[in-house]
Amino acid sequence: MRTKIVAGNWKMNKTASEAASLIEGIKKEVAGITNVEVIVCPPFTDLKDAAAACAGSNVKLGAQNIHWEANGAYTGEISASMLKDLGVTHVIIGHSERRQYFGETDETVNKRTKAALDAGLVPLVCVGETLQERDGGQMEAVVIRQTKAGLAGLDISKVVIAYEPVWAIGTGRTATPEQAQEVHALIRRTLAEIAGKAVADTVRIQYGGSMKPDNAKELMSQPDIDGGLIGGAALKADTFAAIVKAGV
Ligand code: 13P
């Protein structure tokens, strides 16, 4: 039995003070929910205030990226120990926006994921095909490649995967529950190839891409969909909490 996991990817939105008040709102709405793991992933600059706001609640804190080196001359980067020191427990890795705009590759995803695992942070590793890849019959190959290369050589038992079809992100065009389930099952088969079925059956696979209160329940009731990675709808307490409640 996998515990559902719903995370808000705030992307480049909210100042530190806005973050604190959004988390206050989320906390009220999700208080007492124990069978869905709830995570907010604000920008780095918000993390300290966000940690204070999350303290003592069932809302956990995630970051949106991590560097693979422990420290050193890497201007603009943030290490695992810096995140842990602030109370961060989860980290998004390999989001398609980072792959598209910031040169993220399967190889750097692998290094970041290793750094997170070594530090005891839970990586939310994003995979997903573009519309061009789907239309070109490449969906399976892309998702399998990203999954295998991103996780190569790592202990996958502590990893969470987020399947985010790029064509569904911020477009309002959600994958149908059947489309999403098909890919989630493919990812789980790929995880089984890597680490065996028993381990693969314990790994949570989130869906992301225009998940909203009105489609969350149907998506999360699919056998291999174990939660959501939420963008736009995570920026308001009521819509984010409604998605969490859809997973209860
Ligand atoms: P939207 O929910 O805004 O489509 O974004 C999804 C996403 O990219 C989450 O990481």
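Structure shown above.
So, how was this worked out
- Residues numbered from 1 in each chain as written.
- Predicted model: local features only at pLDDT ≥ 70, side-chain atom pairs only at ≥ 80, totals over all residues.
- Heavy atoms only, no water.
- Near = heavy atom within 4 Å.
- Polar contact = N/O pair within 3.5 Å; in protein donor to acceptor, adjacent residues only side chain to side chain.
- Areas by Shrake-Rupley, 256 points an atom, 1.4 Å probe, with all protein chains shown as cover.
- Nonpolar A, V, L, I, M, F, W, Y, C, P; charged D, E, K, R; others polar.
- Buried < 20%, exposed > 50% of the residue type's maximum accessible area, 1.4 Å probe, protein only.
- Helix = DSSP H or I, 4+ residues; strand = E, 2+ residues; numbered from the N terminus.
- Arc of directions from axis to C-beta.
- Contact = heavy atoms within 4.5 Å.
- Phe/Tyr/Trp six-rings, centres within 6.5 Å; stacked < 30°, edge-to-face > 60°.
- Axes fitted to C-alpha atoms, helices over the stretch in contact; angles between N-to-C directions.
- Parallel < 35°, antiparallel > 145°, perpendicular 65-115°, else oblique.
- Left-handed = near helix turned anticlockwise from the far one by under 90°.
- 1 Å grid on protein atoms, 1.4 Å probe; cavity = no way out; pocket = protein on both sides within 12 Å on 5 of 7 lines; lining within 4 Å.
- Points joined across faces, edges and corners; volume = space filled by probe spheres on them.

**Student:** Please clarify how the site of the ligand should be interpreted in this entry.
**Tutor:** In the neighbourhood of the ligand, 13 residues make up the surrounding shell, with K11, H95, E164, G170 and S210 lying closest. G231 is positioned with one of its backbone polar atoms (N or O) 2.9 Å from an oxygen atom of the ligand. One nitrogen or oxygen atom from the main chain of G232 is found 2.8 Å from an oxygen atom belonging to the ligand. The protein chains hide 96% of the 310 Å² of surface that the ligand would expose on its own. Partitioned by chemical class, the residues of the shell around the ligand number four nonpolar, seven polar and two charged.

**Student:** Can you help me understand helix α10 (residues 213-220) in this one?
**Tutor:** Structurally, the α-helix is built with 3.6 residues per turn, so residues lying three or four positions apart point the same way. Taken residue by residue, α10 has N215, A216, L219 and M220 as its buried positions. End-on, the buried residues of α10 take up no more than an arc of 125°, which puts them together on one face. Residues D214 and K217 are exposed on α10 and point more than 90 degrees away from its buried face. Among the structural elements, β1 (4-9), α8 (177-195), β7 (205-208), β8 (227-230) and α11 (237-246) are those in contact with the buried residues of α10.

**Student:** Could you clarify how one ought to interpret the packing of aromatic side chains in this entry?
**Tutor:** Geometry of an aromatic ring pair is reported as the spacing of the ring centres plus the angle between the planes. For the structure on display, the rule yields two aromatic pairs. Geometrically, the ring pair formed by Y101 and F102 is edge-to-face, given 6.3 Å between the ring centres and 85° between the ring planes. Of the two residues, Y101 and F102, neither departs from the other in class, the shared state being exposed.

**Student:** Any chance you could explain the packing of helix α5 (residues 106-119) against helix α7 (residues 139-151) here in plain terms?
**Tutor:** Packed helices, taken two at a time, are described by the angle between their axes plus the distance between the axes. Between α5 and α7, the least distance of the axes is 7 Å, while the angle of their chain directions is 45°. One way to sum up the angle between α5 and α7 is to call them oblique. In this structure, α5 meets α7 at a crossing whose hand is right-handed. Residue-level contacts link D106, V109, N110 and T113 of α5 to R145, Q146, A149, G150 and L151 of α7. A class-by-class count of the residues in the contact of α5 with α7 yields three nonpolar, four polar and two charged.

**Student:** I would appreciate a short explanation of the side chain of D106 in the present structure.
**Tutor:** Structurally, D106 is set in helix α5. Setting aside residues up to four positions removed in sequence, D106 forms contacts with R99, R145, Q146, A149 and G150.

**Student:** Just to check I follow, could you spell out the layout of surface pockets for this structure?
**Tutor:** One simple way to see leftover space: roll a probe sized like a water molecule over the atoms. If you add up the space inside the largest pocket, you get close to 520 Å³. Along its surface, the largest pocket is lined by 17 residues, and K11, M12, Q64, R98 and F102 are the ones closest to its centre. Ranked by residue count, the leading element in the lining of the largest pocket is helix α4 (residues 96-101), at three residues. Broken down by class, the residue content of the lining of the largest pocket amounts to six nonpolar, seven polar and four charged. As a volume, the second largest pocket reaches approximately 190 Å³. Together, 14 residues line the second largest pocket, and S96, R99, G128, Q146 and V166 are the ones closest to its centre. At the level of elements, α4, β5 (122-127) and α7 are the ones that each hand at least two residues to the lining of the second largest pocket. Per element, the largest residue contribution to the lining of the second largest pocket is three residues, and it comes from α4. Here the lining of the second largest pocket is composed, by residue class, of three nonpolar, seven polar and four charged.

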